[in-house]
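# A structural walkthrough
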Amino acid sequence: MMCNGEVNIKYKGRYGNNLFMYFAARIYAEQHSLNLKADIPDKYFSINEPESLGGNQRQLKNYEIGDDDYDEQGNLPYHGVGSYRFFGLFQKEETLFQNREKILSWVNLDFEKQDTCTIHLRLDDYYIQRRSLVINTDYWIHCIEKHADVYDKINIVCEKPKQVWEFNYLSNLMSRIKELNKKPIYVPGSMSEDIEKIMMSNCIITSNSTFCFWPAFFSKAEKIISFPHTGVDLMADDTTEIWEGDVQVFKHNQGPYELSHSFSDNPAEYFERPSWT
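The notes below deal with the structure included here. (Residues numbered from 1 in each chain as written. Predicted model: local features only at pLDDT ≥ 70, side-chain atom pairs only at ≥ 80, totals over all residues. Heavy atoms only, no water.)

## Some remarks on helix α5 (residues 164–178)
Here α5 spans 21 Å end to end across 15 residues, near enough to the 21 Å set by a 1.5 Å rise per residue. Where α5 is concerned, the buried positions are Trp165, Glu166, Tyr169, Leu170, Leu173 and Ile177. For α5, the arc enclosing every buried residue in end-on projection is 130 degrees, short of the 170-degree limit, so these residues lie on one face. In this fold, the buried residues of α5 make contact with β7 (114–120), α4 (137–147), β9 (153–157) and β10 (183–186). (Helix = DSSP H or I, 4+ residues; strand = E, 2+ residues; numbered from the N terminus. Expected span 1.5 Å × (residues − 1). Buried < 20%, exposed > 50% of the residue type's maximum accessible area, 1.4 Å probe, protein only. Arc of directions from axis to C-beta. Contact = heavy atoms within 4.5 Å.)

What follows is the structure, given as structure tokens:
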């Protein structure tokens, strides 16, 4: 097969963001017979190396591909032989679902599904004075009551709290879960342990974090309850603001995925602004 050039990636953000960039670039490289020249940093998932198409002796023209380059059908432009630099977030999940079997063939997965229910919390950097991405505790309780009634235990996956408000938020949520006559289980773990705990679950209630997207995507869960307002901030005046880049994550509503819109018709009510003390 003739090599038409190469694809490089300018990574930014954390591991979940990096995976969106990597798989968008790899799908694009395979579609257009380009060598992918970027590995994924901080790897948890074991990803097979892409096939090398050999060298290209021609002088390569440079092109940049970003989020604004998607057309109405969700496709990225191809300009011919060249060196392509991916520099956006590329958080368009439908492209991933359309290529899911291909992506699964690239990733070595070895886990046993367990009949557990797991919710993922993102705290820490999701709350600053100007805006909050912290999910309303009432939303979690609503989802557990509606979607996890058969589970006596609820696993909580969350980075170890650092600030007072995080400890208070987690303590309040666990107390609320106990009021449902269920046992909340929270054991701080490594990134690998957190990914595995989510991925192995039969019922996953997602946060609005791209970190949570990937173990849900790779899981064999029978039920994945998606937070419906990923890509939205709650601002200081209680209005909501859309993230840049037209993020399309946790919008998929087929197979095991279900968007949980039943909590409220008002997007702002899906978030809360915890007390700092």
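## Remarks on the packing of helix α1 (residues 15–31) against helix α7 (residues 210–218)
Where α1 meets α7, the closest approach of the two axes is 7 Å, and the angle between their N-to-C directions is 60 degrees. On the basis of their axis angle, the class for α1 and α7 is oblique. On α7, the residues touching Gly16, Asn17, Leu19, Phe20 and Phe23 of α1 are Thr210, Phe211, Phe213, Trp214 and Phe218. In the contact of α1 with α7, the residues fall into 7 nonpolar, 3 polar and no charged. (Axes fitted to C-alpha atoms, helices over the stretch in contact; angles between N-to-C directions. Parallel < 35°, antiparallel > 145°, perpendicular 65-115°, else oblique. Nonpolar A, V, L, I, M, F, W, Y, C, P; charged D, E, K, R; others polar.)

## A closer look at the pairing of β9
Most of β9 is tucked away, with 4 of its 5 residues classed as buried. Two strands pair when backbone bridges link them, and β7 and β9 are joined in this way by 3 bridges, in the parallel orientation. Counterpart to histidine 120 in the pairing with β9 is valine 157. One ladder, built from 4 bridges, connects β9 with β10; its direction is parallel. Bridge assignment links lysine 153 to a residue of β10, and that residue is lysine 183. (Pairing = 2+ DSSP bridges.)

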